[in-house]
Amino acid sequence: MTDDRFSSARLSPGHDLEPSSLATVSADPGTGPTPVDLLRRLRARGAGDPVTHVERVPARAGVPAPWPTWAPAELRTAFARRGVVAPWQHQAEAANLAYDGGHVVVATGTASGKSLAYQLPALATLLADPRATVLYLAPTKALAADQLRAVAALELEGVRPACYDGDTPRAEREWIRRHSRFVLTNPDMLHHGILPGHAQWSGFLRRLAYVVIDECHTYRGVFGSHVAHVLRRLRRQCARFGATPVFVLASATSGDPATAAGRLTGLPVTAVTEDASPRGGVTFALWEPPLLPPDSGAASSFPPPQPTGGHDETADLVQVRRSALRETADLLADTVAEGVRTLAFVRSRKGAEVVAANARRALDDAVPGLGDRVAAYRGGYLREERRELERALLHGDLLGLASTNALELGVDLIGLDAVLICGYPGTRASLWQQAGRAGRSGQEALAVLVARDDPLDTYLVHHPEAIFGAPVEATVLDPANPYVLAPQLACAAVEAPLTPADLALFGDGAKEAVDELVAAGALRQRPTGWYWRHRERPEVDLRGEGGAPVCVVEASTGRLLGTVDGGSSHFLLHAGAVYLHQGVSYVVDELDLADGCALVHVEEPDWSTHARDVTDLSVVSVRSYVDAGPVGMFLGEVDVTSQVVSYQRRRIATGEVIDTRPLDLPTRELRTVAVWFTLSPQSLAAAGVQAADVPGALHAAEHAAIGLLPLMATCDRWDIGGLSTAVHPDTEAPTVFVYDGHPGGAGFAERAYGTASAWLRATRDAIAECGCETGCPSCVQSPKCGNGNNPLSKPDAIRVLDVVLANLPA
């Protein structure tokens, strides 16, 4: 079997799994439905046609290139053993740039063989120089483990590749530091382990020739800003040891990859963007679940997911469409029953568990035992569980997997025939990354985007040009964020005293941040630089997830089930919350925030839980504003205070609210960046918005604006929050706020401010074009709303946005 991760010209074509009959589902190649036939069967299974658009992405022939003259024969032979007879043109171009000492980003499509572009120069250098080393960074452990398999399979003498991450046994770590020349890790381990222990890594860093940053488009927002400074700290330590490594980055197709890569590394970077790899054709369908009667209990029979890192405070919503989770579960069961190896991407951990459980149940009802070939995959599983699931899918023991975006990145899953995407993943880059997981051997494939009841999803399935005709977003990150910069400078000072020359490396705002650290007593200035004053290292969370993970422990056995990030624990693990793990339901007995532990017991209740919070906001300062007569558009700093105050229990079968139970959890305070607009009461009255309807009009516009912002910025609606009020004390006017959900901001509010006209125009169109009468989750209702989606006025929200758009400059 060839290694499709390389995706280069081959000696012989690989095989994808083909469907077989329901009664004899197997993983063996054979005859079965084409993607077009499969889609036709799926469309015919219910009343009405749920498909709003079908896009045919044509197949593409590859353009090979000769091996670079500097590539040693031993390396070319090793690649040939893996089925790679020549690189594609973009691989050779990127490899030549890197080998000549230039920093380069290769930004091409999924399965285009980006790994060969960096493996070729890195491994050639290791073979030519027996002392040289390479550091590879991946955003996930799964991707690093996959790349380890790929490099080890080349069987190159003296390279000694090894993974160094949180799962690496301590007994192996010393050997890796001393002997491995190709270390694969992640930014978290670089931040917490390698850089603080730079003295132990001095031999490795002194000889570092290449730093490879895989899937660099994932480093966005606060996480990306932290990683940018971790890379500057790495460059600083390498320079102290006399090394100036070449940075080679791999990215999904993205807007302006050279600028984004340069902001991430702090270096000038050349982009290679012309994809010369072959690609099988993709049939891409946009799928809108069918409408249900307004009083249909089935509409809410599927518990909504609890998004990772976000809230779920859904109150008594009248769901007008069939749940996207239910629809995805049924589609997954149908494709597995056809023998089609399928990966379903679900946006939340809980949603992935529920989709897998319902697909298994449907398959077992049809053919007992068939449900065993479907599983869930998500972050928070133990290492052994993750590796076993990856192995089972690769070997065909599993035919269907419901996964969070943990499998979005380049893990080599060979032979997938179909991808189901449950809800728009937030960016076009992620959408194409997920869709590209199917047909990775150059075969025809099917991709289906199943729309959620959400303003953005509804807009996209009725505006396919926003997906298929629009450029991929630029990656948004802000290394100058003071809430990122100051802690990173503190970490750098622990590793070695800061000097004036270092401040230029860390960029704008570094001197001001150092002065604040000195004033706070964290640094002491001496003639030779700034020194860290404390014995303990600063605690810095790269991912901005609100603290250390909370362990989920079964109370009766002490067994560790998994982890939940600290930022989500108030919503997912409060006392009484229902927690799902591998299809088994648990109820939380106690959440101990001090010890970072939640105790749970097995229980199968007939209800689901949904946390609710309250939010207050005050304006701290205004950075920029546009005075548009009766309308004002502002960008500035705000203080946000929020607290989870209660949760609802709702019957799974009907969605009926059983009760609302109070919670006593601490408040959380956030200083961040917001965009907001104000309107004069006179302009609203002139537009026909009655004074009593202003709160509902603003509230509905706020919800829809939050839902549509991911169309403009590389964010998820769970990365941002909002607040609206008929009279805000700081603006003294009707106001709608949308703010970044991370300390100091993440760049999303700035992007909203810069694209305000286009953003609010899309928001207005999404509301106006929704077929409901008074508002629904597809337009103005929000699963995050702490006020139970009350009050809301859909018609008046359109009037509000018309006033804004009529006055705001384009």
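Below is a short write-up of the structure. Because the structure is a prediction, the values reported are computed rather than measured.

## Some remarks on the overall build of the protein
1) Next: The helix and strand tally for the protein stands at 25 helices and 29 strands.
2) Next: Of all 810 residues assigned to the protein, the portion counted as buried reaches 62%.
3) Next: Within the protein, residue pairs in contact and separated by at least 24 positions form 74% of the contacts whose partners lie at least 6 positions apart.
4) Next: When the accessible area of the protein is evaluated, it comes to approximately 29,400 Å², of which 52% is carbon and sulfur surface.

## A short note on helix α3 (residues 89-99)
1) Next: Buried residues of α3: His 90, Gln 91, Ala 92, Ala 94, Ala 95 and Ala 98, and no others.
2) Next: Residues of α3 that are buried make contact with β4 (104-107), α4 (114-128), β8 (208-213), β9 (246-251) and β10 (270-272).
3) Next: Gly 101, located one to two residues past α3, shows a positive phi value of around 100°.

## Things to note about the packing of helix α9 (residues 221-240) against helix α17 (residues 482-495)
1) Next: Packing of α9 against α17 brings their axes to within 10 Å, and their N-to-C directions diverge by 25°. With respect to each other, α9 and α17 are oriented roughly parallel. Note on packing geometry: the crossing formed by α9 with α17 is right-handed. Of the residues in α17, those touching α9 at Val 222, Ser 225, His 226, His 229, Val 230, Arg 233, Arg 236, Gln 237 and Arg 240 are Val 484, Leu 485, Gln 488, Cys 491, Ala 492 and Glu 495.
2) Next: Broken down by class, the residue content of the contact of α9 with α17 amounts to six nonpolar, five polar and four charged.

## Points about the sheet that holds strand β23 (residues 597-602)
1) Next: Spatially, β20-β19-β23-β22-β21 is the arrangement adopted by the five strands of the open sheet, whose pairing is mixed. The two strands at the open ends of the sheet, each matched to only one other strand, are β20 (560-564) and β21 (578-581). Shown here is a sheet whose adjacent strand axes are inclined to one another by a mean of 35°, direction ignored.
2) Next: Of the pairings in the sheet, the one linking strand β19 (residues 550-554) to β23 comprises four bridges and is parallel in character. Paired with Cys 551 across the two strands is Cys 597, which belongs to β23.
3) Next: Sheet contacts for helix α12 (residues 349-366): β20 and β21; angle to β21, the most-contacted strand, approximately 65°.

## Looking at the nonpolar core
1) Next: Counting 86 residues, the largest nonpolar core has Phe 284, Leu 679, Trp 759 and Leu 760 as the members making the most contacts within it.
2) Next: Sorting elements by how many residues they give to this core places helix α22 (residues 694-708) first, with nine residues.
3) Next: Once residues within four sequence positions are removed from consideration, Trp 759 is found in contact with Val 675, Ala 705, Leu 708, Leu 709, Met 712, Val 738 and Ala 752.
4) Next: Ala 117, Leu 154, Val 159 and Val 272 belong to the second-largest nonpolar core, a separate cluster that totals 40 residues.

## Considering the packing of aromatic side chains
1) Next: According to the stated counting rule, one finds twelve aromatic pairs in the structure shown.
2) Next: Taking the centre distance of 5.4 Å and the plane angle of 65° together, the rings of Tyr 219 and Phe 223 count as edge-to-face.
3) Next: Residue Tyr 219 is classed as buried on the basis of its relative accessible area, which comes to 1%.
4) Next: Here the aromatic cluster, defined as three or more aromatic residues joined through ring pairs, consists of Tyr 625, Phe 634, Trp 676 and Phe 737.
5) Next: Across the ring face of Tyr 531, the terminal group of Arg 526 is positioned such that the distance to the ring centre comes to 5.2 Å.
6) Next: We note Arg 649 situated over the ring of Trp 607; from NZ or CZ to the ring centre the distance is 4.9 Å.

## Some points on the environment of Val 134
1) Next: By the secondary structure assignment, Val 134 is in strand β5 (residues 133-137).
2) Next: Sequence separation of Val 134 and Tyr 210 is 76 residues, and the distance between their C-alpha atoms is 5.0 Å.
3) Next: Those residues in contact with Val 134 that lie beyond four places of it in its chain are Ala 122, Leu 126, Arg 181, Phe 182, Val 183, Phe 204, Leu 208, Tyr 210 and Val 212.

## Describing the sheet that holds β4
1) Next: Taken in spatial order, the seven strands make up an open sheet running β6-β7-β5-β8-β9-β4-β10, and their pairing is parallel. The sheet is open, and its two borders are formed by β6 (161-163) and β10, each paired with just one other strand. Here the strands of the sheet are splayed against their neighbours by 20° on average, with no regard to which way each runs.
2) Next: Pairing of β6 with strand β7 (residues 182-185) involves three bridges; the strand directions are parallel. Across the sheet, the residue bridging to Ala 162 is Val 183, located in β7.
3) Next: Against the sheet, α4 engages β4, β5, β7, β8 and β9, with an angle of about 170° to β8.

## Quick notes on the packing of helix α15 (residues 455-462) against α22
1) Next: Where α15 contacts α22, the two axes come as close as 7 Å, and the packing angle between them is 60°. On the basis of their axis angle, the class for α15 and α22 is oblique. Every residue of α22 that contacts α15 at Pro 455, Leu 456 and Tyr 459 is listed here: Ala 704, Gly 707 and Leu 708.
2) Next: Tallied by class, residues from the contact of α15 with α22 come to five nonpolar, one polar and no charged.

## Notes on the side chain of Thr 108
1) Next: Mapped onto the elements of the fold, Thr 108 is located in the loop between β4 and α4.
2) Next: Among all residues touching Thr 108, those that are not within four sequence positions of it are His 90, Lys 114, Ser 251, Ala 252, Thr 253, Val 272, Thr 273, Glu 274 and Asp 275.

## Side note on the pattern of salt bridges
1) Next: Tallying each qualifying case throughout the model produces 28 salt bridges.
2) Next: With a closest N to O distance of 3.2 Å, Arg 452 and Asp 457 form a salt bridge.
3) Next: By relative accessible area, Asp 457 is classed as buried at 2%.
4) Next: The residue Asp 796 makes a salt bridge to Arg 799 at a minimum N-O spacing of 2.6 Å. In this pair, Asp 796 and Arg 799 are both assigned in helix α25 (residues 794-807), three residues apart and thus about one turn of the helix distant.
5) Next: For Asp 796, a relative accessible area of 5% gives the class buried.
6) Next: Members of the salt-bridge network, linked through shared partners, are Arg 45, Arg 322, Glu 327, Asp 330 and Asp 334.

## Re the pairing of β20
1) Next: Alignment of β19 against β20, held across four bridges, turns out to be antiparallel. Directly across from Cys 551, in β20, lies its bridge partner Thr 563.
2) Next: The antiparallel pairing of β19 with β20 creates a hairpin that spans five residues between the two strands, and Gly 558 there sits at a positive phi of about 80°.

Basis of the calculations
Residues numbered from 1 in each chain as written. Predicted model: local features only at pLDDT ≥ 70, side-chain atom pairs only at ≥ 80, totals over all residues. Heavy atoms only, no water. Helix = DSSP H or I, 4+ residues; strand = E, 2+ residues; numbered from the N terminus. Buried < 20%, exposed > 50% of the residue type's maximum accessible area, 1.4 Å probe, protein only. Contact = heavy atoms within 4.5 Å. Areas by Shrake-Rupley, 256 points an atom, 1.4 Å probe, with all protein chains shown as cover. Axes fitted to C-alpha atoms, helices over the stretch in contact; angles between N-to-C directions. Parallel < 35°, antiparallel > 145°, perpendicular 65-115°, else oblique. Left-handed = near helix turned anticlockwise from the far one by under 90°. Nonpolar A, V, L, I, M, F, W, Y, C, P; charged D, E, K, R; others polar. Pairing = 2+ DSSP bridges. Core = buried A, V, L, I, M, F, W, Y, C linked by side-chain atoms within 4.5 Å. Phe/Tyr/Trp six-rings, centres within 6.5 Å; stacked < 30°, edge-to-face > 60°. Lys NZ or Arg CZ within 6 Å of the ring centre and 35° of its normal. Salt bridge = Lys/Arg side-chain N within 4 Å of Asp/Glu carboxyl O.

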